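Architecture and fold: a report
If you want the building blocks of each chain, they are given just below.
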Amino acid sequence: MGVPGRRGAADTGDVLALVRDGDLAKAEAGLRELLAESPNHFLVHHACGELWLKKGDLDFALAHAKRTVELNPSSGDGYWLLSRIYASKKMKRESGDALGKACRLGHKAAGCPK
């Protein structure tokens with residue numbers, strides 16, 4: 001699972017598809033490789049956040065989501081991920097704040113005004 005093209009960007013879509021399909025072991029293996037190759041790419045951290053959210057490790061998911069928006073503050077997807085993690089942790093204020101940022105950045109989340 002190499003990283004052709006932009007470092008960290010090319011294979012994250014494949015990993016996210018694995019997460020969506022529930023193939024978490026394969027997704028985790030791919031992410032370990034991507035993290036080794038591109039430890040500071042926001043898309044790699046976003047995919048890690050999605051994986052750990054799906055696995056139920058909310059603290060680890062949160063750390064990766066925070067790193068996503070630290071690396072790319074204009075990532076509406078990153079703030080949407082943060083919102084979902086905070087909601088899972090029953091942190092309503094933080095979830096709402098992150099959702100608001102995602103919406104202002106143009107994310108089409110369910111909670112964003114149309």
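Scroll up for the structure.
Residues numbered from 1 in each chain as written. Predicted model: local features only at pLDDT ≥ 70, side-chain atom pairs only at ≥ 80, totals over all residues. Heavy atoms only, no water.

1. Let's talk about the packing of helix α1 (residues 12–21) against helix α3 (residues 42–55)
In contact at an axis separation of 10 Å, α1 and α3 are set at 10° when each is read in the N-to-C sense. Taken together, α1 and α3 sit at an angle that is classed as roughly parallel. For the pair α1 and α3, the contacting residues are T12, V15, L16, V19 and R20 in the first and L43, V44, H46, A47, E50, L51 and K54 in the second. Residues of the contact of α1 with α3, tallied by class, amount to 7 nonpolar, 2 polar and 3 charged. (Axes fitted to C-alpha atoms, helices over the stretch in contact; angles between N-to-C directions. Helix = DSSP H or I, 4+ residues; strand = E, 2+ residues; numbered from the N terminus. Parallel < 35°, antiparallel > 145°, perpendicular 65-115°, else oblique. Contact = heavy atoms within 4.5 Å. Nonpolar A, V, L, I, M, F, W, Y, C, P; charged D, E, K, R; others polar.)

2. Here we look at the state of the cysteines
Counted under the stated rule, the structure contains 1 disulfide. The disulfide partner of C103 is C112, and the gap between their sulfur atoms is 1.9 Å. Residues C103 and C112 are joined through a disulfide that is left-handed, its torsion about the S-S bond being -95°. (Disulfide = S-S within 2.5 Å.)

3. A closer look at the packing of aromatic side chains
Applying the stated criterion across every chain, the model contains 1 aromatic pair. With 4.9 Å between their ring centres and 65° between their planes, W52 and F60 make a pair best called edge-to-face. (Phe/Tyr/Trp six-rings, centres within 6.5 Å; stacked < 30°, edge-to-face > 60°.)

4. Section: the pattern of salt bridges
Within this structure, the stated rule accounts for 7 salt bridges. Between R32 and E28 there is a salt bridge, with its nearest N and O atoms 2.5 Å apart. Of this pair, R32 and E28 both sit in helix α2 (residues 24–37), 4 residues apart, which is roughly one turn of that helix. Within this structure, E28, R32 and K55 form a network of salt bridges that share partners. (Salt bridge = Lys/Arg side-chain N within 4 Å of Asp/Glu carboxyl O.)

5. Here we look at the side chain of E50
Here E50 is to be found in helix α3. The buried category is assigned to E50, whose relative accessible area is 15%. In this structure, E50 is in contact with L16, V19, L81 and R84, ignoring residues within four places of it in sequence. (Buried < 20%, exposed > 50% of the residue type's maximum accessible area, 1.4 Å probe, protein only.)

6. Side note on α1
Where α1 is concerned, the buried positions are T12, V15, L16, L18 and V19. The buried side chains of α1 occupy one side of the element, clustering within an arc of 155° when seen end-on. Exposed residues lying more than 90 degrees from the buried face of α1 are R20 and D21. Next to the buried residues of α1 lie α2 and α3. (Arc of directions from axis to C-beta.)

7. Quick word on the nonpolar core
Here is a general trend for soluble globular proteins: nonpolar side chains tend to be buried in one another's company. One finds V15, A27, L31, L51, L82 and I85 to be the most contacted residues of the largest nonpolar core, which totals 25 residues. When residues in this core are grouped by element, the largest group, 6 residues, is from α3. Excluding its chain neighbours within four sequence positions, the residues that come into contact with A27 are V15, L18, V19 and L51. (Core = buried A, V, L, I, M, F, W, Y, C linked by side-chain atoms within 4.5 Å.)

8. Focus on the packing of α3 against helix α4 (residues 58–71)
One can describe the packing of α3 onto α4 by two numbers: an axis separation of 8 Å at closest approach and a directional angle of 160°. Judged by the inter-axis angle, α3 sits roughly antiparallel to α4. α4 is crossed by α3, and the crossing has left-handed handedness. Residue-level contacts link F42, H45, H46, C48, G49, W52 and L53 of α3 to L58, F60, A61, H64, R67, T68 and L71 of α4. For the contact of α3 with α4, a count of residues per class yields 8 nonpolar, 5 polar and 1 charged. (Left-handed = near helix turned anticlockwise from the far one by under 90°.)

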